[in-house]
Amino acid sequence: MSLLVNSNTIGAGAEEARGHSGGGALREIYDVNAQVVSVAVVPGEVYRAKLVAPEIARSARPLQFVNVEVSQGPHPFLRRPFSLSWFSAAEGLIEITWAVVGEGSKIMTQWETGTEVRVLGPLGNGFSLKDIKGEALQNADRPRLWLVGGGTGLLPMYPLAKEAASQGWEVALFYGARSMAQVMDTSRFVKAGCRVIVATEDGTYGSRGRVTDLLEPVIPELGHEDVIVACGPVPMLRSVKNLMALSAAPLYVSLESRMACGTGLCKGCAVRAAGDEEKYYHVCSDGPVFRADQVELGGAP
Amino acid sequence: MSLLVNSNTIGAGAEEARGHSGGGALREIYDVNAQVVSVAVVPGEVYRAKLVAPEIARSARPLQFVNVEVSQGPHPFLRRPFSLSWFSAAEGLIEITWAVVGEGSKIMTQWETGTEVRVLGPLGNGFSLKDIKGEALQNADRPRLWLVGGGTGLLPMYPLAKEAASQGWEVALFYGARSMAQVMDTSRFVKAGCRVIVATEDGTYGSRGRVTDLLEPVIPELGHEDVIVACGPVPMLRSVKNLMALSAAPLYVSLESRMACGTGLCKGCAVRAAGDEEKYYHVCSDGPVFRADQVELGGAP
Amino acid sequence: MGHTDLSLDFAGIKMKNPIAAASGVFGYGEEYSRIGDIRAFGAVSVKGTTLKPRAGNPPPRVAETPAGMLNSIGLENPGAKVAAEEKIPWLRQFGVPIIVNISADTYEEFSELGTIFKDVEGVSALEVNVSCPNVRAGGMAFGLDPRSCYRAAKAVKDAFGGTVIVKLSPNAADITAVARAAVEGGADALSLINTLLGMAIDIRSRKPLLGNITGGLSGPAIKPVALRCVYQVAQAVTVPIMGMGGIRSWEDVVEFMLAGASAVAVGASLLVDPLLPERLTRELAGYCAREGIGNPGELVGAAWR
Amino acid sequence: MGHTDLSLDFAGIKMKNPIAAASGVFGYGEEYSRIGDIRAFGAVSVKGTTLKPRAGNPPPRVAETPAGMLNSIGLENPGAKVAAEEKIPWLRQFGVPIIVNISADTYEEFSELGTIFKDVEGVSALEVNVSCPNVRAGGMAFGLDPRSCYRAAKAVKDAFGGTVIVKLSPNAADITAVARAAVEGGADALSLINTLLGMAIDIRSRKPLLGNITGGLSGPAIKPVALRCVYQVAQAVTVPIMGMGGIRSWEDVVEFMLAGASAVAVGASLLVDPLLPERLTRELAGYCAREGIGNPGELVGAAWR
Ligand SMILES: Cc1cc2nc3c(=O)[nH]c(=O)nc-3n(C[C@H](O)[C@H](O)[C@H](O)COP(=O)(O)OP(=O)(O)OC[C@H]3O[C@@H](n4cnc5c(N)ncnc54)[C@H](O)[C@@H]3O)c2cc1C
Ligand SMILES: Cc1cc2nc3c(=O)[nH]c(=O)nc-3n(C[C@H](O)[C@H](O)[C@H](O)COP(=O)(O)OP(=O)(O)OC[C@H]3O[C@@H](n4cnc5c(N)ncnc54)[C@H](O)[C@@H]3O)c2cc1C
Ligand SMILES: Cc1cc2nc3c(=O)[nH]c(=O)nc-3n(C[C@H](O)[C@H](O)[C@H](O)COP(=O)(O)O)c2cc1C
Ligand SMILES: Cc1cc2nc3c(=O)[nH]c(=O)nc-3n(C[C@H](O)[C@H](O)[C@H](O)COP(=O)(O)O)c2cc1C
Ligand code: FES
Ligand code: FES
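Residues numbered from 1 in each chain as written. Chains lettered and ligands numbered in written order. Predicted model: local features only at pLDDT ≥ 70, side-chain atom pairs only at ≥ 80, totals over all residues. Heavy atoms only, no water.

Trainee: Explain the site of ligand 1 here, please?
Mentor: The immediate surroundings of ligand 1 are formed by 21 residues, with Arg 80, Pro 81, Gly 104, Ser 105 and Arg 258 of chain A found nearest. Taken together, the residues near ligand 1 originate from chains A and D. Take Gly 102 of chain A: an N or O atom from its main chain is 3.0 Å from an oxygen atom of ligand 1. Gly 104 of chain A is positioned with one of its backbone polar atoms (N or O) 2.6 Å from an oxygen atom of ligand 1. The dominant element in the shell around ligand 1, judged by the number of residues it contributes, is strand β6 (residues 80–83) of chain A, at 4 residues. Counted by class, the shell around ligand 1 contains 9 nonpolar, 7 polar and 5 charged residues. Residues lining the shell around ligand 1 come from more than one domain, with at least three contributed by each of domain 1 (2–123) and domain 2 (129–294) of chain A. (Near = heavy atom within 4 Å. Polar contact = N/O pair within 3.5 Å; in protein donor to acceptor, adjacent residues only side chain to side chain. Helix = DSSP H or I, 4+ residues; strand = E, 2+ residues; numbered from the N terminus. Nonpolar A, V, L, I, M, F, W, Y, C, P; charged D, E, K, R; others polar. Domains from an automatic or database assignment.)

Here it is as structure tokens:
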């Protein structure tokens with residue numbers, strides 16, 4: 001099976017994919033001094049900001065991310081990785097949406113219109129329909145994209161949902177959150193033409209249960225015309241992977257990991273290759289999107 | 001000669017002055033979560049903020065200072081010492097006025113009305129007329145206070161000027177700055193009834209020259225009814241000390257030094273005692289005000 | 001969510017809570033008594049005390065660095081006699097266990113210091129500073145080499161008899177070897193870490209910023225090194241450990257305990273936030289209550305046990 | 001305010017400017033070529049290379065700390081053969097001096113590595129990593145003890161013949177002794193410092209945060225330690241020094257030069273600010289012009305000369 005994502009074979013590791021043919025860049029990464037044009041608190045207890053970053057917006061793909069400077073002083077030292085929750089090449093804008101979990105994401109809540117922040121991107125392989133022109137899918141009448149999102153894992157999938165829906169794919173989003181307060185706005189998915197089914201663990205919104213409970217009943221239906229992309233906490237990804245074990249449909253997972261550079265320089269963002277104790281992929285450069293069967297989802301990051 | 005400042009003999013060192021009589025505090029120091037009520041850029045390229053700090057305002061004395069938290073994170077790590085440029089027990093307010101020289105003073109320019117900052121004070125011995133009821137002065141018809149200020153050294157002397165003027169002292173301020181842009185507002189001194197004479201090094205404001213050029217002609221006039229207090233860069237203090245060497249009038253200098261605690265805990269703010277290689281005073285607890293003949297003004301801080 | 005008891009017996013020292021004042025940021029308590037309540041500490045370690053009075057190093061003595069500070073105080077202290085006859089008796093009134101931090105250039109001096117403080121009422125322990133980077137002769141050298149550390153520990157233990165804590169240097173190539181030697185020499189407990197040797201340069205003058213050229217680095221910047229040292233040493237010895245190095249939040253306290261410290265001390269952060277011990281004690285109790293921890297002792301060494 | 005020439009001859013390596021990429025934050029340049037211009041560096045030190053390929057340590061491999069970071073990459077690299085046959089030939093095209101950072105568990109391996117890179121075109125120097133805290137066998141141990149360091153340096157020098165740089169560990173109790181031993185062993189230059197051994201603990205899981213438990217501390221937090229090491233070593237040897245540890249501004253570069261470094265390298269800060277070398281070079285030139293400095297070499301060691 002050769003479903004290509006970007007120019008890299010998904011999860012194939014940097015060496016094989018890059019070759020050494022004279023320094024031609026496979027993609028370009030820009031360090032942009034981006035101005036914030038809007039920032040707001042949106043449903044789900046998350047912040048959302050749009051920034052001016054034409055170079056990044058122009059070359060971005062769904063499920064790519066950016067590395068954001070949160071301080072100009074020596075602390076906090078590292079940049080923070082955030083997925084592109086939306087971007088527009090035409091407008092030259094990118095959008096990130098974040099939960100406040102620690103020091104960096106808290107500093108970012110002080111952004112206001114006009115604030116300038118350094119943003120490095122676009123980063124990662126991303127995931128675009130162009131990449132998965134596998135034979136099976138080409139023959140399908142109406143290919144279907146199933147998105148499975150947990151928590152903030154919903155965010156990066158919107159650009160992909162939009163792309164797919166606009167190309168005539170049938171798109172469904174299964175989305176799970178802890179409780180109503182954490183449920184993020186899914187209306188943009190709906191507007192894009194996507195079917196949205198939500199579950200909360202405590203049943204305060206949508207059906208009661210986990211996102212895998214939503215997925216389970218449809219698994220027997222899945223075949224070669226289907227593609228599944230999951231993004232969320234590792235335990236959720238593991239459950240999805242287990243559920244899908246016997247399905248013919250390819251499953252892709254988008255991973256997170258602790259990062260320093262976000263660009264492949266440091267080899268800090270390792271994730272173990274499935275079934276090989278002595279091989280690692282790098283989430284920032286080989287991923288964040290991997291074929292589920294290529295990575296070990298054993299330990300949490 | 002026993003001109004007492006605060007309860008400490010000026011420059012007498014902690015051991016002699018404090019005794020060990022049962023833990024009674026000689027003064028109290030408060031760590032206050034102070035709200036900024038106003039902040040402005042004022043002449044002389046300095047910022048000025050008033051803060052609500054009733055405990056500090058109530059017990060503050062002229063030439064005392066506070067230690068200001070500039071960050072809640074681990075960097076910048078140390079607090080910054082700033083003199084009280086004004087305070088009012090009645091209003092429960094203190095004021096600090098600062099030049100932007102580095103990381104901390106720059107962060108402080110982001111303060112706005114309502115910002116809360118931790119402020120520790122009042123710190124240092126300070127200098128009040130109550131402390132210098134020496135015999136000579138008691139006999140004087142109209143005691144005179146001569147203030148000599150260089151650069152930001154002007155700032156802490158205003159509370160003293162006001163106190164002296166209101167108690168019938170004749171008060172004169174000799175003030176030197178580099179150039180017109182650095183000349184700070186002296187109108188509050190004038191309003192308090194103080195004679196103000198200014199020099200700039202380039203002659204763009206007041207007379208051309210250094211503050212010592214202003215002082216030199218009056219030195220022969222000085223006698224037991226006079227007290228001189230100087231505050232500014234060490235080279236200026238050294239010049240003033242040399243000029244005054246043969247004068248009968250007592251000279252006090254207010255010093256700065258690199259500090260960590262500002263409260264006497266760390267012994268970091270050492271200044272060498274005059275004529276004794278093996279003795280140090282501490283600017284934050286023995287000072288900042290010293291009798292000029294007690295400290296070595298050799299090296300810059 | 002039951003009641004949390006923060007008290008502990010640290011090598012015979014009865015601490016109400018596990019938060020101590022590190023040596024050198026508390027003097028002998030007089031200055032602190034004007035700012036905060038000395039009773040907030042579980043124990044206090046007084047300024048490094050030498051046989052003879054010391055004036056300390058030439059200024060400047062402190063410099064700020066990224067997330068930390070350098071100091072080269074140079075053990076300014078009034079000497080053992082004044083400490084024993086005036087400082088300790090005064091400090092005793094607060095009823096908080098007093099640890100006397102001692103520093104010396106020779107084993108004989110260490111022994112003499114042990115003898116002097118043997119009979120001073122209210123001294124709960126001696127803390128042998130074999131790790132001060134700020135004095136020329138001796139000081140840190142004892143803490144870099146297991147044999148010297150053994151002898152220094154033994155000299156103090158033999159003379160003093162009571163609880164001896166040896167304070168280790170992170171500048172040692174193998175801190176566990178030095179730790180074991182200290183325990184063999186008679187240490188009842190270990191404290192770590194002292195400062196890392198560092199310096200700052202003033203680009204305007206083009207010269208070292210500190211009067212003493214080099215100084216000791218402390219504060220949050222060194223916390224990862226301190227945690228590593230505690231984690232290693234705690235597994236190498238059986239005596240209790242007082243952990244320190246960059247502690248400024250209750251999370252830091254918990255991390256040190258997980259690494260293997262039974263008690264912790266606040267150093268540089270006390271200079272910046274003098275009321276820190278009260279806050280740490282309150283927040284640690286809150287954390288324990290939330291987590292259903294009866295005594296924080298349950299956490300000690302959990303990261304490797 | 002005349003023209004400033006930033007170039008230098010660093011132990012035979014012709015550097016256009018004194019700003020190098022530190023080993024481990026630049027890989028072999030492929031990733032960097034997608035972000036910035038490799039020609040901006042005065043020299044580049046490639047990822048620590050071992051005889052056999054290494055997969056590296058289990059994740060998590062990085063953690064943020066106050067003003068710095070920990071890493072435990074564990075020398076993930078494709079091995080000397082791939083480096084020599086594919087990586088270096090590719091990197092050569094940029095015309096920037098290439099320093100190959102090598103790591104080994106035995107003297108024999110060091111010697112073999114020297115032999116392998118002897119005949120590789122475009123290798124300006126070998127950098128002997130006797131200071132990596134992230135691999136179990138060997139690694140840092142060579143850098144803690146003068147004798148082992150001497151032997152490692154000699155093994156590489158004898159086999160390689162060309163310029164050998166020995167990279168020192170700040171974890172040594174006496175770094176000057178190790179430095180002198182390296183020079184005796186044949187080092188033509190020294191680079192320092194490698195990371196400090198540290199760790200982080202996750203209070204939620206109550207376990208070490210890094211998969212490898214301990215890691216190397218770098219970034220601004222360690223700058224005072226690095227400056228001190230450079231200041232001490234520069235006075236103990238006559239070979240040139242490449243200084244590193246927390247550099248992220250032109251002021252830092254000047255401080256390292258004043259301490260005694262002829263060239264400097266950017267490590268962790270490159271991860272955060274990949275275009276840093278261009279900015280540093282520009283700002284250093286600006287500073288020199290303002291100060292009337294013809295070549296920054298004039299600053300080297302001024303803090304103690
Ligand atoms: C590829 C990628 C895409 C991401 N996209 C999003 C997004 O769109 N929206 C969103 O809310 N979050 C996203 N995250 C998680 C986000 O990066 C972290 O929540 C954020 O870094 C936390 O920073 P902090 O300073 O607030 O937390 P702190 O805990 O103070 O951070 C300390 C260090 O740990 C790292 N860290 C902490 N949590 C995580 C985590 N979950 N994953 C990776 N590193 C972490 C930080 O980057 C920092 O280096 C993404 C992570 C990755 C790797
Ligand atoms: C008792 C006292 C009273 C003072 N009163 C005033 C005042 O009223 N107005 C005013 O503008 N300045 C005053 N200063 C100087 C003021 O403290 C420094 O300008 C300020 O600390 C600089 O901080 P920064 O972060 O901007 O500079 P940085 O250079 O980034 O600071 C780095 C470190 O050096 C210390 N430092 C830098 N410059 C000085 C200095 N000149 N003196 C002491 N420490 C320094 C800082 O406190 C900090 O620890 C006073 C200093 C002292 C000791
Ligand atoms: C200003 C200052 C003075 C110190 N003096 C001493 C001392 O006299 N004896 C000693 O053993 N340690 C001394 N130390 C080291 C501290 O006790 C502590 O071990 C170290 O600073 C690490 O902790 P921290 O990061 O919390 O400061 C001193 C530290 C500072 C900051
Ligand atoms: C992610 C990372 C990987 C590193 N890998 C190596 C290495 O392979 N070989 C080596 O000699 N040093 C390695 N180092 C150390 C750096 O080269 C440098 O000596 C150290 O980080 C101090 O500099 P800094 O504070 O600028 O990062 C690495 C550092 C980092 C941050
Ligand atoms: S974060 Fe540096 S390689 Fe991925
Ligand atoms: S600044 Fe700590 S004693 Fe003065």
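Next comes the rest of the description.
Trainee: Explain the pattern of salt bridges here, please?
Mentor: With the rule as written, the count across this model stands at 51 salt bridges over all chains. The closest approach of N and O atoms between Asp 31 of chain A and Arg 79 of chain A, which form a salt bridge, is 3.1 Å. One end of the pair, Asp 31 of chain A, is in strand β3 (residues 30–42); the other, Arg 79 of chain A, is in the loop between β5 (65–68) and β6, and 48 residues separate them in sequence. Each of the two residues, Asp 31 of chain A as well as Arg 79 of chain A, counts as buried. Residue Glu 291 of chain D is joined to Arg 206 of chain C by a salt bridge in which the shortest nitrogen-to-oxygen separation is 3.1 Å. Linking Glu 291 of chain D in helix α10 (residues 276–291) with Arg 206 of chain C in the loop between β12 (201–202) and β13 (207–208), this pair reaches from one chain into another. Under the relative-accessibility criterion, Arg 206 of chain C is labelled partly exposed at 25%. One connected set of salt bridges, linked through shared partners, spans Arg 48, Lys 50, Glu 95 and Arg 188 of chain A. (Salt bridge = Lys/Arg side-chain N within 4 Å of Asp/Glu carboxyl O. Buried < 20%, exposed > 50% of the residue type's maximum accessible area, 1.4 Å probe, protein only.)

Trainee: I tried to follow the interface of chain C and chain D on my own but got confused; where do I start?
Mentor: Interfaces are often described in size by the accessible area the parts lose on coming together. Facing the 44 residues of chain C at the interface are 44 residues of chain D. Here chain C meets chain D over a buried area of about 3,400 Å², counting both sides, of which 69% is carbon and sulfur. A per-residue breakdown of the area chain C buries against chain D is headed by Ile 201, Ile 203 and Arg 206 of chain C, which together make up 20% of the total. Along the contact surface separating chain C from chain D lie 2 salt bridges. Taken together, the connections running from chain C to chain D amount to 8 residue pairs in polar contact (both at pLDDT 80 or more). For the side of chain C that touches chain D, the residue count by class is 31 nonpolar, 5 polar and 8 charged. (Contact = heavy atoms within 4.5 Å. Buried area = accessible area lost by both parts, 1.4 Å probe.)

Trainee: Help me understand the pairing of strand β4 (residues 46–52) of chain B, please; the structure alone is not making it clear to me.
Mentor: Sheet faces and side chains relate simply in a regular strand, where the side chains alternate between the two faces. Residue and element names in this part refer to chain B. Pairing of strand β3 (residues 30–42) with β4, which is carried by 7 bridges, proceeds in the antiparallel orientation. Within the sheet, the bridge partner assigned to Val 42 lies in β4 and is Val 46. Where β3 hands over to β4, the hairpin turn is made up of 3 residues, of which Gly 44 adopts a positive phi near 100°. Note: β4 against strand β7 (residues 93–99), 7 bridges, orientation antiparallel. Its bridge partner lying in β7, Val 52 is registered against Leu 93. (Pairing = 2+ DSSP bridges.)

Trainee: For this particular structure, what's the right way to read unusual backbone geometry?
Mentor: For residues besides glycine, phi is generally negative; the peptide bonds are generally trans as well. The omega angle of the peptide bond from Gly 121 of chain A to Pro 122 of chain A is -5°, so this bond is cis rather than trans. Mapped onto the secondary structure, Pro 122 of chain A falls in strand β9 (residues 116–123). Omega for the peptide link from Pro 59 of chain D to Pro 60 of chain D comes to -10°, which places this bond in the cis form. When you line up the elements, Pro 60 of chain D lands in the loop between β4 (43–45) and β5 (62–65). Notably, Leu 63 of chain B is not glycine yet its phi reads approximately 70°, a positive angle. Here Leu 63 of chain B is to be found in the loop between α2 (54–59) and β5 (65–68). Relative accessible area serves as the criterion here: at 2%, Leu 63 of chain B is assigned to the buried category. Even without being a glycine, Ala 67 of chain D presents a positive backbone phi close to 55°. Here Ala 67 of chain D lies in the loop between β5 and β6 (68–71).

Trainee: So what exactly am I meant to see when it comes to the relation of the copies chain C and chain D here?
Mentor: One copy of the chain maps onto the second through a rotation around an axis plus a translation along that axis. Least-squares fitting of chain C to chain D yields an RMSD of 0.0 Å, with the transformation described by 0.0 Å of translation along the axis and a rotation of 180°. Put plainly, the chains are arranged around a two-fold axis. When the interface residues of chain C are mapped onto chain D, 100% of them again fall at the interface, so both copies present the same face. (Least-squares fit on C-alpha atoms with pLDDT ≥ 70 in both.)

Trainee: Can you walk me through the sheet that holds strand β5 (residues 62–65) of chain C in this structure?
Mentor: Remark on secondary structure: sheet strands pair via backbone hydrogen bonds, oriented parallel or antiparallel. Read from one edge of the open sheet, 4 strands run β5-β6-β14-β11 (chain C), paired in antiparallel fashion. Lying at the two open borders of the sheet, with one neighbouring strand each, are β5 and β11 (196–199) of chain C. With strand direction ignored, the average angle separating the axes of adjacent strands in the sheet is 40°. With 3 bridges joining them, strand β6 (residues 68–71) of chain C and strand β14 (residues 214–218) of chain C adopt antiparallel strand pairing. Residue Met 69 of chain C lies in a different strand from β14 of chain C, and its bridge partner there is Ser 218 of chain C. Contacting β5, β6, β11 and β14 of chain C, helix α7 (residues 223–236) of chain D runs over the sheet at an angle of about 75° to β11 of chain C. (Axes fitted to C-alpha atoms, helices over the stretch in contact; angles between N-to-C directions.)

Trainee: Even after reading the chapter, I still don't get the interface of chain C and chain B, so can you show me in this structure?
Mentor: Opposite the 42 residues of chain C that make contact, chain B presents 39 residues. With both sides pooled, the region where chain C packs onto chain B buries about 3,400 Å², and carbon together with sulfur makes up 60% of that total. The largest per-residue losses of area from chain C upon contact with chain B belong to Arg 34, Glu 64 and Val 272 of chain C, which jointly make up 22% of the total buried on that side. Taken together, chain C and chain B are joined by 2 salt bridges. Glu 64 of chain C is paired through a salt bridge with Arg 80 of chain B; the nearest N and O atoms lie 2.7 Å apart. Here chain C is connected to chain B by 11 residue pairs in polar contact (both at pLDDT 80 or more). Counting residues per element, the ones that place at least two in the side of chain C that touches chain B are α1 (30–33), β5, β6, α2 (80–92) and α9 (268–272) of chain C. With 5 residues, the single largest contributor to the side of chain C that touches chain B is α9 of chain C.

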